[in-house]
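Listed below, chain by chain, are the residues.
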Amino acid sequence: MAGVCQTLLDCYGLISGHPFELDMHTFKTSEASTHVTWELENLRVETFEGEKVRFEDLISATALPGGHCLTRALSDIRGAIRCPVDTGFYSFRCVETLRQFFAESRDDKARSWAKLRNRLQVERSYIDLGEALLFEDDSSVRYIPQIPAEVAELAVELLDLSENDSVYCPFSASLQFALAAAKRPTIAHWNLASVCPYWVALRCFVIRTWMSPSPTQ
Amino acid sequence: MNPTFVEGGQRKLFDACLACGPFEVKRSQLPHHDVFKRFSAKSFYGEIADAQHALAQTGSRAIVVVPNGVLFRSAAAERDFKEEVVRRGWLNAVITLPEGLLSNTSLRINQLVFDKTSAYSDVLFIDASKFAEPRRERRISRNRLTNIAGIVDLFRTRKHSDVSRAVLREDCEKQEYDLMVERYALNFEQKETETALSQHATVRLDEVAEII
């Protein structure tokens, strides 16, 4: 049950740009009237323009042959978003998962890479960027804080936001701020792309792999 | 450091900004002539550049989360930044939060509250370092911030209390723009120490010991 729900959240996370992580405490069944606490419907965080994908189509794709690769890729994208210092690691793994999707057999490495590049319409050098990120030693960044929700709540209270105020939340560590601001009638802009752009590319790769028609079709 | 939100070649201005950049990142490649005129003080430390970027993209209010180092460091560029925001009356408040709020580190964080539309003659310091309770979350122990309503009330009323004090800009200048809250607001440890001392007779050290 938790795995299915996490995949649903990963699908929504890919669309909205949030690394949702499921921590399930209760769930509703037809026999018992316990309930699950969700807050997703409150989110109004503006994210990226560009390649659009429908939530329903993503969910359907996870059930198709090869859907297990999509599930793994979504999970890695979640990790890449959530933890910018590990974006390289998750990106590397995600691209490898994509390659396996295109592989017809275990010994099909070279051909599967070629098929992947052809389908995604990208050069090899761009694919290699994920690997380069993995081994990049950015020792200048000591700590990327994850702001607790109550600290974000305090900040939003102090700002005394009024209706339709536009709120800018730059830098990856400001996600919690954007989520807190989005609970108000405001328009929150979360600028992650400037911090770890590679996962945005991964997002495009996943959409092109599973959502776009093949160039040969 | 290229701004994402640009309109007609100018920085897009938002009504408010909430920012928390990575801590202790070295920004060795700040543009010398930023066309968006964001970095008046060119600090080696990224927190200052991040704060300047946040301020440049807002028309009025901003809150920037910074570690303690930003408050007490006195290198030229950092002092210049703090002097600028205090002199212009943009720095509304400095709120020191409890340690242990962030997972995996005990770094103490502070919220700098800016308002570019009001020229404040004073800066409000709030010591919220004891407003915490332990919390265990997914095998990670950390503190949770409490008494949010109390902090908001202190901020809105700007009243003097054991943990808050509005300090004139000139007093910040006398402290060389060191914005550590302990310099201005009496913190809990000091208060506890003073309370304990007041309950006992004390003598000067040189009355009971020979100082050599």
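Our structure's up above, just so we're on the same page.
Figured I'd write up the structure that's included with this text. Numbering of residues starts from 1 in each chain and follows the order in which that chain's sequence is written. Lettering for chains starts from A, numbering for ligands starts from 1, and both go in the order in which the items are written. Whole-chain, interface and lining totals are the exception, using all residues; otherwise, since this is a predicted model, local features are given only for residues with pLDDT of at least 70 and side-chain atom pairs are given and counted only at 80 or more. Values reported for side chains reflect all heavy atoms of the structure, with hydrogen atoms and water molecules removed beforehand.

## A closer look at the overall build of chain B
This is how it is decided: By definition, any uninterrupted DSSP run of H or I lasting at least four residues is a helix, any uninterrupted run of E lasting at least two residues is a strand, and each is numbered from the N terminus. Accessibility here uses a 1.4 Å probe with only protein chains present; expressed as a share of the type maximum, an area under 20% marks a residue as buried, one over 50% as exposed, and anything in between as partly exposed. Two residues qualify as a contact provided that any one of their heavy atoms is within 4.5 Å of a heavy atom in the partner residue.
The helix and strand tally for chain B stands at seven helices and 10 strands. Burial statistics for chain B: of 212 residues in total, 50% are counted as buried. Sequence-distant contacts in chain B: of pairs separated by 6 or more residues, those separated by 24 or more amount to 68%.

## Some remarks on the pairing of strand β6 (residues 109-115) of chain B
All names here are of chain B. Note the following rule: Pairing between strands is defined by DSSP: at least two bridges between them are needed.
Across the seven residues that make up β6, a large majority, seven, are buried. Here β6 shows no split at all, with I109, Q111, V113 and D115 on one side and N110, L112 and F114 on the other all buried. As judged from the seven bridges shared by strand β4 (residues 58-67) and β6, these two strands associate in the antiparallel manner. Across the sheet, A62 pairs through a bridge with F114, a residue of β6.

## Overview of the side chain of Q111(B)
Quick note on the threshold: Here a polar contact means two N or O atoms within 3.5 Å. Within protein one must be a hydrogen donor candidate and the other an acceptor candidate, and residues neighboring in sequence count only if both atoms are side-chain atoms.
Looking at the element boundaries, Q111(B) is found in strand β6. Accessibility expressed as a relative area gives 0% for Q111(B), which makes it buried. Side-chain polar atoms of Q111(B) contact the backbone oxygen of V151(A), separated by 3.2 Å. Setting aside its immediate chain neighbours within four residues, Q111(B) contacts V151(A), L154(A), A155(A), L158(A), I63(B), V64(B), V65(B), A93(B), V94(B), I95(B) and L97(B).

## Considering the packing of aromatic side chains
All names here are of chain B. Note the following rule: Geometry of aromatic contacts follows a simple scheme: Phe, Tyr and Trp rings, the Trp one being its six-membered ring, pair when their centres are within 6.5 Å, and the pair is stacked under 30 degrees between planes, edge-to-face over 60, tilted otherwise. Ring-over charges, as used throughout, are those where CZ of Arg or NZ of Lys falls within 6 Å of the ring centre and within 35 degrees of the ring normal.
In the structure shown here, the tally under the stated rule is five aromatic pairs over all chains. Residues F81 and F114 carry aromatic rings whose centres are separated by 6.5 Å and whose planes lie at 65° to one another, so their mutual orientation is edge-to-face. Linking F81 in helix α3 (residues 76-87) with F114 in strand β6, this pair joins segments that are 33 residues apart in sequence. Aromatic side chains F125 and Y184 sit 4.1 Å apart centroid to centroid with 20° between the ring planes, which places their arrangement in the stacked category. One end of the pair, F125, is in strand β7 (residues 122-127); the other, Y184, is in the loop between α5 (169-174) and α6 (188-198), and 59 residues separate them in sequence. For the pair F125 and Y184, a shared accessibility class is recorded, and that class is buried. The ring of W90 carries K116 above its face, with NZ or CZ at 5.2 Å from the centroid.

## Concerning the nonpolar core
Soluble globular proteins: nonpolar side chains tend toward being buried together. Selection criterion: To define a nonpolar core, start from buried Ala, Val, Leu, Ile, Met, Phe, Trp, Tyr and Cys residues and group those joined through side-chain atoms within 4.5 Å.
Membership of the largest hydrophobic core comes to 39 residues, with the highest contact counts inside it found for F177(A), L18(B) and L97(B). At seven residues, the largest contribution of residues to this core is made by helix α7 (residues 149-159) of chain A. One finds V86(B), F114(B), C172(B) and A185(B) within the second-largest nonpolar core, a separate group that totals 32 residues.

## Details of the packing of helix α1 (residues 46-56) of chain B against α3(B)
All names here are of chain B. The line we're drawing: Every axis corresponds to a line fitted to the C-alpha atoms, with the helix fit spanning only the stretch in contact, and the corresponding angles, defined between N-to-C directions, vary from 0 to 180 degrees. To sort the angles, those under 35 degrees are grouped as roughly parallel, those over 145 as roughly antiparallel, those from 65 to 115 as roughly perpendicular, and the leftovers as oblique. Put simply, a crossing is left-handed when the front helix is turned counterclockwise from the back one by less than a right angle, and right-handed when it is turned clockwise. Charged means Asp, Glu, Lys or Arg here, nonpolar means Ala, Val, Leu, Ile, Met, Phe, Trp, Tyr, Cys or Pro, and polar covers whatever is left, Gly included.
Across the interface, α1 lies against α3 with an axial gap of 10 Å and an inter-helix angle of 30°. Relative to α3, the element α1 lies roughly parallel. The way α1 lies across α3 gives a crossing that is left-handed. Across from I48, A51, Q52 and L55 in α1, the residues of α3 making contact are E78, F81 and V85. Residue composition of the contact of α1 with α3, grouped by class: five nonpolar, one polar and one charged.

## Observations regarding a nonpolar patch on the surface
Counted only if it meets this: Patch definition: residues above 30% relative accessible area lacking any salt bridge, with like charges linked at up to 9 Å and the nonpolar side chains Val, Leu, Ile, Met, Phe, Trp and Tyr linked at up to 5 Å. For the area figures, the Shrake-Rupley method with a 1.4 Å probe applies, and any residue is considered shielded solely by the protein chains shown. We define a salt bridge as a side-chain nitrogen of Lys or Arg found within 4 Å of a carboxyl oxygen belonging to Asp or Glu.
Residues V203(B), L205(B), V208(B) and I211(B) make up a contiguous nonpolar surface patch of about 440 Å² in total accessible area. One can find V203(B) in the loop between α6 and α7 (205-208).

## Here we look at the environment of H18(A)
On the secondary structure map, H18(A) appears in the loop between α1 (2-16) and β1 (45-46). Each C-alpha atom of the pair H18(A) and R78(A) lies 7.4 Å from the other, and the pair is 60 residues apart in sequence.

## Re the side chain of R61(B)
As for its placement among the helices and strands, R61(B) is situated in strand β4. Residue class for R61(B) comes out buried when judged on its relative accessible area of 18%. Among the polar contacts listed, one links the side chain of R61(B) to the backbone oxygen of L159(A), at a separation of 2.4 Å. Setting aside anything within four residues of it in sequence, one finds R61(B) in contact with L159(A), D160(A), L161(A), D165(A), D15(B), A16(B), C17(B), F114(B) and D115(B).

## What about the environment of Y12(A)?
Inspection of the secondary structure puts Y12(A) in helix α1. Along the chain, Y12(A) and L58(A) lie 46 residues apart, while their C-alpha atoms are 8.8 Å from each other.

## Structural notes on the packing of α7(A) against helix α4 (residues 148-157) of chain B
Running from N to C, α7(A) and α4(B) cross one another at 30°; their axes reach a closest spacing of 10 Å. If you check the angle between α7(A) and α4(B), you find them roughly parallel. Of the two possible hands of crossing, α7(A) and α4(B) adopt the one that is right-handed. Facing E150(A), L154(A), E157(A) and L158(A) of α7(A), the residues of α4(B) in contact are I148(B), I151(B), V152(B), F155(B) and R156(B). Tallied by class, residues from the contact of α7(A) with α4(B) come to six nonpolar, no polar and three charged.

## Remarks on unusual backbone geometry
Residue and element names in this part refer to chain B. At R158, a position not held by glycine, the phi torsion is positive, near 50°. You can see R158 is positioned in the loop between α4 and β10 (164-168). Of note, the phi angle at E176 is positive, near 55°, even though the residue is not glycine. Among the structural elements, E176 can be located in the loop between α5 and α6.

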